[in-house]
Amino acid sequence: MGDFWYRDKVYNTKDNYVTISKYTGASNTPHEPEVLKKGESFYYREVFHDEHIVTINDIIDELLSLKDVTKENVISILDKIYICRMLKSEDRSLYPKRHRSTAVNEVLDGPYKEHNITVIKGYFN
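Overview of the structure.

Thresholds applied
- Residues numbered from 1 in each chain as written.
- Predicted model: local features only at pLDDT ≥ 70, side-chain atom pairs only at ≥ 80, totals over all residues.
- Heavy atoms only, no water.
- Helix = DSSP H or I, 4+ residues; strand = E, 2+ residues; numbered from the N terminus.
- Axes fitted to C-alpha atoms, helices over the stretch in contact; angles between N-to-C directions.
- Parallel < 35°, antiparallel > 145°, perpendicular 65-115°, else oblique.
- Left-handed = near helix turned anticlockwise from the far one by under 90°.
- Contact = heavy atoms within 4.5 Å.
- Buried < 20%, exposed > 50% of the residue type's maximum accessible area, 1.4 Å probe, protein only.
- Polar contact = N/O pair within 3.5 Å; in protein donor to acceptor, adjacent residues only side chain to side chain.
- Patch = residues over 30% accessible without salt bridge, like charges linked within 9 Å, V, L, I, M, F, W, Y side chains within 5 Å.
- Areas by Shrake-Rupley, 256 points an atom, 1.4 Å probe, with all protein chains shown as cover.
- Salt bridge = Lys/Arg side-chain N within 4 Å of Asp/Glu carboxyl O.

**A closer look at the environment of Thr13**
In this structure, Thr13 sits in the loop between β1 (9–11) and β2 (18–20). The sequence separation of Thr13 and Asp50 amounts to 37 residues, and the corresponding C-alpha distance is 23 Å.

**Observations concerning the packing of helix α2 (residues 56–64) against helix α3 (residues 71–78)**
α3 packs onto α2 with a crossing angle of 165° between their chain directions and a minimal axis gap of 10 Å. For the element pair α2 / α3, the angle class is roughly antiparallel. Crossing of α2 over α3 shows right-handed handedness. Of the residues in α3, those touching α2 at Ile59, Glu62 and Leu63 are Val74, Ile77 and Leu78.

**Points about the environment of Lys37**
Inspection of the secondary structure puts Lys37 in the loop between β3 (34–36) and β4 (41–43). What makes Lys37 partly exposed here is its relative accessible area of 45%. Separated by 20 residues in sequence, Lys37 and Tyr17 place their C-alpha atoms 4.9 Å apart. The contact partners of Lys37, leaving out residues within four places of it in the chain, are Asn12 and Tyr17.

**Here we look at unusual backbone geometry**
The omega torsion of the bond from Tyr95 to Pro96 falls at 0°, within 30 degrees of zero and hence cis. Structurally, Pro96 can be placed in the loop between α4 (88–93) and α5 (104–114). Despite not being glycine, His99 has its phi angle at roughly 60°, a positive value. Mapped onto the elements of the fold, His99 is located in the loop between α4 and α5.

**Let's talk about the side chain of Thr55**
Checked against the element boundaries, Thr55 lands in the loop between β5 (48–52) and α2. Among the polar contacts made by the side chain of Thr55, one reaches the side chain of Asp58 at a distance of 2.7 Å. Apart from the residues within four sequence positions on either side, Thr55 is in contact with Lys97, Arg98, His99 and Arg100.

**Structural notes on a nonpolar patch on the surface**
Residues Ile56, Ile60, Leu64, Leu78, Ile81 and Ile83 make up a contiguous nonpolar surface patch of about 520 Å² in total accessible area. The element best represented in the nonpolar patch is α2, accounting for three residues. Tracing the backbone shows Ile81 in the loop between α3 and β6 (83–87). A residue is classified by how much of its surface remains accessible, and Ile81, at 37% relative accessible area, is partly exposed.

**Some points on the pattern of salt bridges**
The final tally for this structure, using the stated rule, is eight salt bridges. Residue Arg85 pairs with Asp50 through a salt bridge whose shortest N-O separation is 3.2 Å. Within this pair, whereas Arg85 is found in strand β6, its partner Asp50 is found in strand β5, the two being separated by 35 residues in sequence. Across the salt bridge formed by Lys80 and Glu62, the nearest N and O atoms sit 2.6 Å from each other. Of this pair, Lys80 sits in the loop between α3 and β6 while Glu62 sits in helix α2, and the two are 18 residues apart along the sequence. Since its relative accessible area comes to 24%, Lys80 is described here as partly exposed. Put simply, Lys22, Glu34 and Glu46 are held in one network by salt bridges that share partners.

This is how it looks when you write it as structure tokens:
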């Protein structure tokens with residue numbers, strides 16, 4: 001997953017079949033499940049979503065509420081930006097979409113855990 005982005009094609013390189021659910025754009029409903037044979041592909045964005053763990057709206061709100069705007073204060077807020085790559089079906093089930101905690105571990109232990117979304121620690125420090 002770490003090697004693919006937005007319009008990149010993802011190929012089934014395994015000998016076994018893989019069943020996927022494709023979405024179109026921001027649709028909440030997937031198309032009928034599709035079975036991919038070895039060598040067949042789909043576009044990354046049809047199946048996966050890059051989710052901000054701490055929402056951008058919450059980051060902006062925190063930046064706007066700064067009383068003392070210094071480089072250090074701004075960096076400490078921007079350092080809360082983490083991306084979680086997940087299935088679109090996982091993203092569509094994840095709530096709340098906004099006004100989550102700005103503490104990344106609280107989001108992982110709260111909404112993510114409640115919706116059975118596990119972040120692989122190899123990508124998350």
